[in-house]
Amino acid sequence: MKLATVEIHKEEKTAALVNEEYVIDLEEAGKAYNVGYRFPRTMLEAICDGENFLAEAEKITASAYNHLDASYVYPLSSKEISLKAPIPVPRKNIICAGKNYADHAIEMGSAADIPDHPIIFTKSPTTVIGPEDTIDPHIDVTDALDYEGEIAVIIGKKGKGIKAEEAEDYLFGCTLLNDVTARDLQSKHKQFFLGKSLDTFCPMGPVIVPLKHWKGKTMSLKTLVNDEIRQETTTDKMIFSISQLIEVISRGMTLEPGDIIATGTPAGVGKGFNPPKYLQEGDEVVVQSDRIGKLKNTVNKK
């Protein structure tokens, strides 16, 4: 099962995807089946309801699979719906892990740049956009626009001082994220926040895959620019695992349902080429994973 936030007739709702072709309006499906559970309208509410929501969504999705002509089912291609970022307006900054793949640390400097401890920074919630939304190149602010394809995980349960071996108990699911970066701002200001927090600099989606559907499995990660493969890796190549990141981040900070952690990007970013291959107006960027899907965005033409 894959979960999504969709806009249907200008209303934002939680939904499930079937066969990558159909979208199920969970609230309306619940009414049609007369279930006792009231499906939340927002993904943040759904995440807070945790296992209750997931169990009911699984049942409804299984039933709707045999009723794809029902009024609460829409073809993904329908003009009546649009996919939004799974969490369109995060409650807090997106937490990010820097240089979490050795090959990326090396391309940004040398082997000496491979970290001994996780490098943690954040992006502003106002950076988030959804699938097919356009990335603002901010040509009046930067001329070094870069991409970073990543897998992000979503926290499902409040916790602090979480041990690595218990970290999966606090996860809701995973999604894809593009940590768009203004490299010149990143260098000029000697830190990450401004260069990574311009509006539209965090495409996210297209769906959330609940933990049970990828727990214990290695995930692929690939980034393409105008159909050219720029980044390609698997999650087992991360320096610090998802569980290790959660342990470190939560040592003195409370993680809450809906918190988003971007787990790092592999080699192949634009800055890593000689000369650099920065994004240009009109470029199409696709971040994809075999277990999640494709997140596609285009750099806006002014």
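The numbers attached to residues start from 1 for each chain and follow its sequence in the written order. Selection of residues for local features in this predicted model requires a pLDDT of at least 70, selection of side-chain atom pairs for listing and counting requires 80 or more, and totals for whole chains, interfaces and linings are taken over all residues. Heavy atoms from the whole structure form the basis of all side-chain values; hydrogens and water molecules are not counted.

## Regarding the sheet that holds strand 18 (residues 284-289)
Across the sheet, which stays open at both edges, the five strands sit in the order 9-19-18-15-16 with mixed pairing between neighbours. Pairing within the sheet leaves two strands with one partner each, and these edge strands are strand 9 (134-135) and strand 16 (228-234). In terms of strand pairing, strand 9 meets strand 19 (residues 293-299) through two bridges, oriented parallel. The partner of Ile135 across the bridge, within strand 19, is Val299. Think of it this way: DSSP has to see at least two bridges between two strands before they count as a pair. Secondary structure elements are taken from DSSP: a helix is a run of H or I of four residues or more, a strand is a run of E of two residues or more, and numbering for both begins at the N terminus.

## A closer look at the layout of surface pockets
The rule is simple: put a 1 Å grid over the protein atoms alone, call a set of points where a 1.4 Å probe fits but cannot get out a cavity, call an open set with protein on both sides within 12 Å along at least five of seven lines a pocket, and count a residue as lining if it has an atom within 4 Å of a point. Grid points are joined across faces, edges and corners, and a volume is the space filled by probe spheres set on the points. Estimated volume of the largest pocket: approximately 340 Å³. Around the largest pocket sit 16 residues that line it, and Leu83, Pro131, Glu132, Pro206 and Lys294 are the ones nearest its centre. Looking at the lining of the largest pocket, the elements that each hand over two or more residues are strand 5 (81-83) and strand 19. It is strand 19 that provides the largest number of residues to the lining of the largest pocket, a total of four residues. When residues are sorted by character, Ala, Val, Leu, Ile, Met, Phe, Trp, Tyr, Cys and Pro go into the nonpolar class, Asp, Glu, Lys and Arg into the charged class, and all the rest, Gly among them, into the polar class. Partitioning the lining of the largest pocket into residue classes produces eight nonpolar, two polar and six charged.

## What about the pairing of strand 2 (residues 11-18)?
Burial classes: relative accessible area under 20% of the type maximum marks a residue as buried, over 50% as exposed, and values in between as partly exposed (1.4 Å probe, protein chains only). Where burial is concerned, most of strand 2 is hidden: six out of the eight residues are buried. Strand direction decides the pairing type here: strand 1 (residues 2-8) and strand 2, joined by seven bridges, are antiparallel. By the bridge assignment, Val6 is partnered in strand 2 with Lys13. Where strand 2 meets strand 3 (residues 22-25), four bridges bridge the pair, whose relative direction is antiparallel.

## Notes on the pairing of strand 1
Each regular strand displays side chains that alternate between the two surfaces of the sheet. The buried fraction of strand 1 amounts to six of the seven residues, a majority that puts the element mostly inside the structure. Linking strand 1 back to strand 2 in an antiparallel pair, the connection comprises two residues, with His9 at a positive phi of about 50 degrees. Taken together, the three bridges between strand 1 and strand 5 define a ladder with antiparallel strand orientation. Each residue of the ladder has a partner; that of Val6, found in strand 5, is Leu83.

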